[in-house]
Amino acid sequence: MNRSTSRVPTILASAAALALAGFFSAPASAEGTVNIYTYRQPDLIKPVLDEFTKETGIKTQVLFLDKGLEERIAAEGQNSPADVIMTVDISRLTATKAKGVTQPLDDEIINKNISAQYRDPDGEWFGVTKRARVVYASKDRVKEDHLSYADLADPKWKGRICIRSGQHDYNIALFAAMIAHWGEEKTERWMRAFKENLARKPDGSDRSQAKSIYTGECDIALGNTYYVGLMLTNEKDPQEQEYARSLKVIFPDFGADGGTHVNISGMALAKYAPNKDNAIKLLEFLSQHEAQKIYAEKNFEYPVEPGLAPSEIVSGFGELKADMLPLVDIGNNRKAASEMVDRVGLNDGPSS
Ligand code: FE
């Protein structure tokens with residue numbers, strides 16, 4: 001570990017963070033610093049931040065929160081030390097903008113590196129990486145190598161599908177994409193049929209759905225691509241490698257209407273960023289080749305940089321043909337998707 005990395009503080013819980021509230025106001029860091037508020041696991045962003053510091057000399061201070069990030073910045077108001085916000089999922093990015101804690105940024109470098117589909121039209125958030133919501137399918141029990149999202153409602157899958165909570169951001173974004181493509185009526189018909197195909201009540205995480213395939217509880221599940229890479233390479237918990245090896249990744253699509261649903265991890269310039277110049281330098285850096293490569297290799301995410309290949313493991317899943325739907329359209333259908341999940345009673349599991 002070099003000297004710059006040891007200076008990156010990591011605060012693991014919001015309670016602990018509050019106890020260190022004076023931390024960001026240290027006068028010694030008024031120059032050459034950028035303060036990051038993030039929902040992202042510190043391990044996942046550390047490699048890119050280390051590289052940023054190495055290149056620019058600008059130090060990064062990270063405040064990791066597992067909830068209430070927007071509320072906290074809003075409460076801090078004009079005195080907020082937040083310069084950059086990093087988070088995952090279109091839901092949270094939309095929520096961050098809606099809370100009024102970001103500011104618009106029209107930056108030539110960033111706009112060139114990140115295609116319009118993956119950024120807010122007002123420049124209040126930007127995608128940094130992509131992840132696809134795919135089918136995890138049992139290598140032994142599923143013959144199919146291709147499935148559409150519509151196929152998941154086919155009665156032939158009755159009692160064979162597992163998912164995490166229908167209200168989880170990842171599933172809400174997928175259902176919101178369905179509404180954008182199909183409209184509410186068709187999506188609701190799909191969801192009712194899909195519900196009857198579930199093996200059990202929605203529960204757990206994406207990783208635990210992979211375990212459910214391994215144990216035979218279900219044959220297919222919905223999950224994000226990067227978890228498969230993280231599980232396949234998990235040295236600390238080799239059991240996870242076995243779970244991941246029991247499944248194959250299938251890229252579902254919307255047939256003629258579109259490709260595989262992708263979501264993003266993203267970044268935003270905080271409304272009152274006290275170190276605005278450094279913040280912009282960091283945002284630009286994260287959009288550039290070097291950072292994109294680190295994300296791809298270490299986190300098994302898809303770069304937003306056009307033409308940059310994902311890691312070898314992720315390339316091995318097959319070719320991602322990403323849906324072209326602008327993420328802002330998905331964000332706008334989140335509420336309708338969430339209400340539909342309740343109306344359908346998706347989280348109650350199958351009725352018989
Ligand atoms: Fe995740």
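Because the structure is predicted, anything quoted here is derived from the model rather than measured. (Residues numbered from 1 in each chain as written. Predicted model: local features only at pLDDT ≥ 70, side-chain atom pairs only at ≥ 80, totals over all residues. Heavy atoms only, no water.)

(A) Representation of the pattern of salt bridges in the model. The final tally for this structure, using the stated rule, is 19 salt bridges. With a shortest N-O distance of 3.0 Å, Arg 72 and Glu 76 are connected by a salt bridge. Residue Arg 72 and its partner Glu 76 are both found in helix α4 (residues 69-76); the two are separated by four residues, about one turn of the helix. Assessed through its relative accessible area of 13%, Arg 72 is described here as buried. The partner of Asp 145 in a salt bridge is Lys 248, with the nearest N and O atoms 3.1 Å apart. Here Asp 145 is found in the loop between β4 (126-138) and β5 (161-162), whereas its partner Lys 248 is found in strand β7 (residues 247-250), with 103 residues between them in sequence. When its relative accessible area of 61% is taken as the criterion, Asp 145 is described as exposed. Taken together, the shared-partner salt bridges in this structure form one network comprising Glu 184, Glu 188, Arg 192 and Arg 343. (Salt bridge = Lys/Arg side-chain N within 4 Å of Asp/Glu carboxyl O. Helix = DSSP H or I, 4+ residues; strand = E, 2+ residues; numbered from the N terminus. Buried < 20%, exposed > 50% of the residue type's maximum accessible area, 1.4 Å probe, protein only.)

(B) Fine view of the domain arrangement of the chain. For the chain, the assigned domains are domain 1 (3-129 + 264-310) and domain 2 (130-261 + 316-348). For domain 1 versus domain 2, the distance between C-alpha centres works out to 28 Å. On the side of domain 2, 24 residues touch domain 1, which itself brings 21 residues to the contact. When domain 1 packs against domain 2, the two sides together hide about 1,900 Å² of surface, and 62% of this comes from carbon and sulfur. Three residues stand out in domain 1 for area buried against domain 2, namely Gln 117, Phe 300 and Tyr 302, and they jointly supply 37% of the buried area on that side. Our count for the domain 1 to domain 2 interface comes out at one salt bridge. The closest approach of N and O atoms between Glu 301 and Arg 131, which form a salt bridge, is 3.0 Å. Linking domain 1 with domain 2 are six residue pairs in polar contact (both at pLDDT 80 or more), by the criterion used here. Counting only elements with at least two residues in the side of domain 1 that touches domain 2, the list comes to α5 (90-98), β8 (262-269), α13 (289-299) and β9 (302-303). If one sorts the elements of the side of domain 1 that touches domain 2 by residue count, α5 sits on top with four residues. For the side of domain 1 that touches domain 2, the residue count by class is ten nonpolar, six polar and five charged. (Domains from an automatic or database assignment. Contact = heavy atoms within 4.5 Å. Buried area = accessible area lost by both parts, 1.4 Å probe. Polar contact = N/O pair within 3.5 Å; in protein donor to acceptor, adjacent residues only side chain to side chain. Nonpolar A, V, L, I, M, F, W, Y, C, P; charged D, E, K, R; others polar.)

(C) Region of interest: unusual backbone geometry. Non-glycine residue Asp 89 carries a positive phi angle of around 85°. Even without a glycine there, the phi angle at Phe 300 is positive, about 60°. You can see Phe 300 is positioned in the loop between α13 and β9.

(D) Quick peek at the nonpolar core. Core analysis: the largest hydrophobic core is formed by 107 residues, its most contacted members being Leu 152 and Leu 286. Here the element with the most residues in this core is helix α7 (residues 169-182); it accounts for ten residues. When residues of this core are assigned to domains, at least three fall in each of domain 1 (3-129 + 264-310) and domain 2 (130-261 + 316-348). When residues no more than four places from it in sequence are discounted, the contact partners of Leu 152 are Val 135, Leu 147, Trp 157, Ile 161, Trp 190, Phe 194, Asn 197, Ile 220 and Leu 222. (Core = buried A, V, L, I, M, F, W, Y, C linked by side-chain atoms within 4.5 Å.)

(E) Molecular detail of the packing of aromatic side chains. All told, the structure shown has eight aromatic pairs when counted by the stated rule. Here the aromatic cluster, defined as three or more aromatic residues joined through ring pairs, consists of Tyr 149, Phe 175, Trp 182, Trp 190, Phe 194 and Phe 254. In this arrangement the basic side chain of Arg 92 is found over the ring face of Tyr 39, its NZ or CZ atom lying 3.9 Å from the centre. (Phe/Tyr/Trp six-rings, centres within 6.5 Å; stacked < 30°, edge-to-face > 60°. Lys NZ or Arg CZ within 6 Å of the ring centre and 35° of its normal.)

(F) Looking closely at the layout of surface pockets. One number sums up the size of the largest pocket: a volume of about 700 Å³. Around the largest pocket, the lining comprises 27 residues; the ones closest to its centre are Gln 41, Leu 44, Arg 207, Tyr 227 and Leu 230. If you list the elements that add at least two residues to the lining of the largest pocket, you get α3 (42-56), α7, α10 (225-232) and α13. Tallying contributions element by element places α10 first for the lining of the largest pocket, with three residues. Inspection of the lining of the largest pocket shows a minimum of three residues originating in each of domain 1 (3-129 + 264-310) and domain 2 (130-261 + 316-348). (1 Å grid on protein atoms, 1.4 Å probe; cavity = no way out; pocket = protein on both sides within 12 Å on 5 of 7 lines; lining within 4 Å. Points joined across faces, edges and corners; volume = space filled by probe spheres on them.)

(G) Up close: the coordination of the iron ion. Within the protein, Tyr 170 (OH), Tyr 226 (OH) and Tyr 227 (OH) serve as the donor atoms for the iron ion, at 1.9 to 2.1 Å. Sequence spacing of the donor residues for the iron ion, all on one chain, is Y-x55-Y-Y. In this pair, Tyr 170 is assigned in helix α7 and Tyr 226 in helix α10, connecting sequence segments 56 residues apart. For Tyr 226, a relative accessible area of 6% corresponds to the buried category. (Donors = N, O, S within 2.8 Å, 3.2 Å for Na, K, Ca; no water.)

(H) Geometry of the state of the cysteines. Applying the stated criterion across every chain, the model contains one disulfide. The disulfide partner of Cys 162 is Cys 218, and the S-S distance across this bridge is 2.3 Å. One disulfide, between Cys 162 and Cys 218, carries an S-S torsion of -110° and so falls in the left-handed class. Within this pair, whereas Cys 162 is found in strand β5, its partner Cys 218 is found in the loop between α9 (206-215) and β6 (220-224), the two being separated by 56 residues in sequence. (Disulfide = S-S within 2.5 Å.)

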